[in-house]
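Given next are the chains, with one letter for each unit.
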Amino acid sequence: MNTSGDYSSSPLDRGKRNLLLTGALAWGASVWAQPAPQRIRVALAARYSLFHLPLTLADQLGYLRKSGWSVEWLPQESGAQALAQLQSGQADVLSGSFEHAFATADKGAAPQAFFMFARTPQISLGLSTRQSLQAYGAAALRGSRIGISARHSGTHWVASQWVHQMGLLPDEVQYVEVGSATAAVEALRSGQIDLLCNPEPQMTGLELRGELVLVAETRSLSGTRKLFGGLVPGSCLLTRPEVLQRQAAMVQALCDGMVLALKWLRTAGPTDILRTVPSPYWMGDRAVYLGALERLREAFFTDGQIDGEAVMLAWRHHQRLLTPGRSGPPPGRAYTNEFAQKSRQRLA
């Protein structure tokens, strides 16, 4: 019998302690043995916009981590800057407008789209309420200053299509690069621009506050058909052709995560969205954020595969907007459905 008060010397206690120590070491070894998630460097503009919502959900809901991958966000002020990061090899993937797949190879090979997570461009164009709405028309709009995130970005493409539809020549308006965040709003409020072309939820917020009136929108299917004469691909994941070949596992993991995120989004309610999407994405007003989401929710009803007819329509519009003497890659090389189709068959 132990009378010294040193219970640690008891054979029974020592046995328990050894068992606990052995279990703790085994648990620690199993934790440390798990490989760290591999990084996917994703370049994008307007990070907090709804434009990238499915990718944000795939990350926040843990679908990518379960496959052993994590996202390293590389935010830029414009889609053109994000495209440059991809083409230079600083990014593995671009989350952006589909028309980047038509980019010329001035700074590297044109990327390929491999997953479409919106059936519309999700970009709107609004006229500042500082302007006279009674004078709305081609003659009055001649010389207008249109705020876009940057040239050769999705906002530039949508604005250029509207200018053409209004019967104006490209040099009859002035495109002003204002980014896609606070600077864009300030440019509108200060009178530096007459119209603003930007993604959601920013445009819905300005519209609800009476700071602009929409003259064109591609957040809905009907608005996209009105502007383009049909549906054109919207936000996509794109990468360089060699990445599709050499890092097929990464590309497939992204597609799997996106299919699951879009599936989750179909039935997610407002509470689900707010619980999953971090507050910085709400841009200070969760009611505006949810309202903007409802306006474009139908655009997310997709399985990730890219429609060939929509690509052809987008290509025809894009070719018309190019500088004479330049041409992008043929539409058939602009995308692949190989990875999205595999993910849909397994998970949709």
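Note: the structure precedes this text.
Residues numbered from 1 in each chain as written. Predicted model: local features only at pLDDT ≥ 70, side-chain atom pairs only at ≥ 80, totals over all residues. Heavy atoms only, no water.

## Here's the deal with helix α6 (residues 182-189)
Argument step 1. Here α6 has its buried residues at A184, V185, A187 and L188. Projected down its long axis, α6 shows its buried positions confined to an angular sector of 160 degrees, all on one face.
Argument step 2. Tucked inside the fold, the buried residues of α6 contact β5 (123-128), β8 (195-199), α7 (202-208) and β9 (212-217).
Argument step 3. Phi turns positive one or two residues past the end of α6, at G191, with a value near 85 degrees. (Buried < 20%, exposed > 50% of the residue type's maximum accessible area, 1.4 Å probe, protein only. Helix = DSSP H or I, 4+ residues; strand = E, 2+ residues; numbered from the N terminus. Arc of directions from axis to C-beta. Contact = heavy atoms within 4.5 Å.)

## Some words on the environment of Q165
Argument step 1. Relative to the assigned elements, Q165 resides in helix α5 (residues 154-165).
Argument step 2. Given the relative accessible area of 41%, Q165 is considered partly exposed.
Argument step 3. For the pair Q165 and L227, spaced 62 residues apart in sequence, the C-alpha separation works out to 7.6 Å.
Argument step 4. Beyond its immediate sequence surroundings of up to four residues, Q165 is in contact with K226 and L227.
Argument step 5. At a separation of 3.2 Å, a polar atom in the side chain of Q165 contacts the main-chain carbonyl oxygen of L227. (Polar contact = N/O pair within 3.5 Å; in protein donor to acceptor, adjacent residues only side chain to side chain.)

## Comments concerning unusual backbone geometry
Argument step 1. Of the consecutive residues E200 and P201, the connecting peptide bond is found in the cis state with omega at 10 degrees.
Argument step 2. Within the secondary structure, P201 sits in the loop between β8 and α7.
Argument step 3. The phi angle at Q122 is positive, at roughly 60 degrees, despite the residue not being glycine.
Argument step 4. Tracing the sequence through the fold places Q122 in the loop between β4 (112-116) and β5.
Argument step 5. Even without being a glycine, H152 presents a positive backbone phi close to 65 degrees.
Argument step 6. Of note, H152 is situated in the loop between β6 (145-148) and α5.

## Thoughts on helix α13 (residues 308-321)
Argument step 1. Its 14 residues place the ends of α13 20 Å apart at the C-alpha level, agreeing with the 20 Å of an ideal helix rising 1.5 Å per residue.
Argument step 2. What α13 keeps buried is the set A310, V311, L313, A314, H317 and H318. Down the axis of α13, the buried side of the element spans an arc of 165 degrees, and every buried residue falls inside it.
Argument step 3. On its buried face, α13 sits against α5 and α8 (221-228). (Expected span 1.5 Å × (residues − 1).)

## Some words on the packing of α5 against α8
Argument step 1. Put simply, α5 and α8 touch, their axes get as near as 9 Å, and they point 55 degrees apart. Between α5 and α8, the angle falls in the class oblique. Across the interface between the two elements, W157, V158, Q161, W162 and Q165 of α5 pack against K226, L227 and F228 of α8.
Argument step 2. Its residues assigned to classes, the contact of α5 with α8 comprises five nonpolar, two polar and one charged. (Axes fitted to C-alpha atoms, helices over the stretch in contact; angles between N-to-C directions. Parallel < 35°, antiparallel > 145°, perpendicular 65-115°, else oblique. Nonpolar A, V, L, I, M, F, W, Y, C, P; charged D, E, K, R; others polar.)

## Brief notes about the packing of α5 against α13
Argument step 1. Between α5 and α13, whose axes approach to 11 Å, the crossing angle comes to 80 degrees. In terms of axis orientation, α5 runs roughly perpendicular to α13. On α13, the residues that touch W157, S160, Q161 and H164 of α5 are A314, H317, H318, R320 and L321.
Argument step 2. Broken down by class, the residue content of the contact of α5 with α13 amounts to three nonpolar, five polar and one charged.

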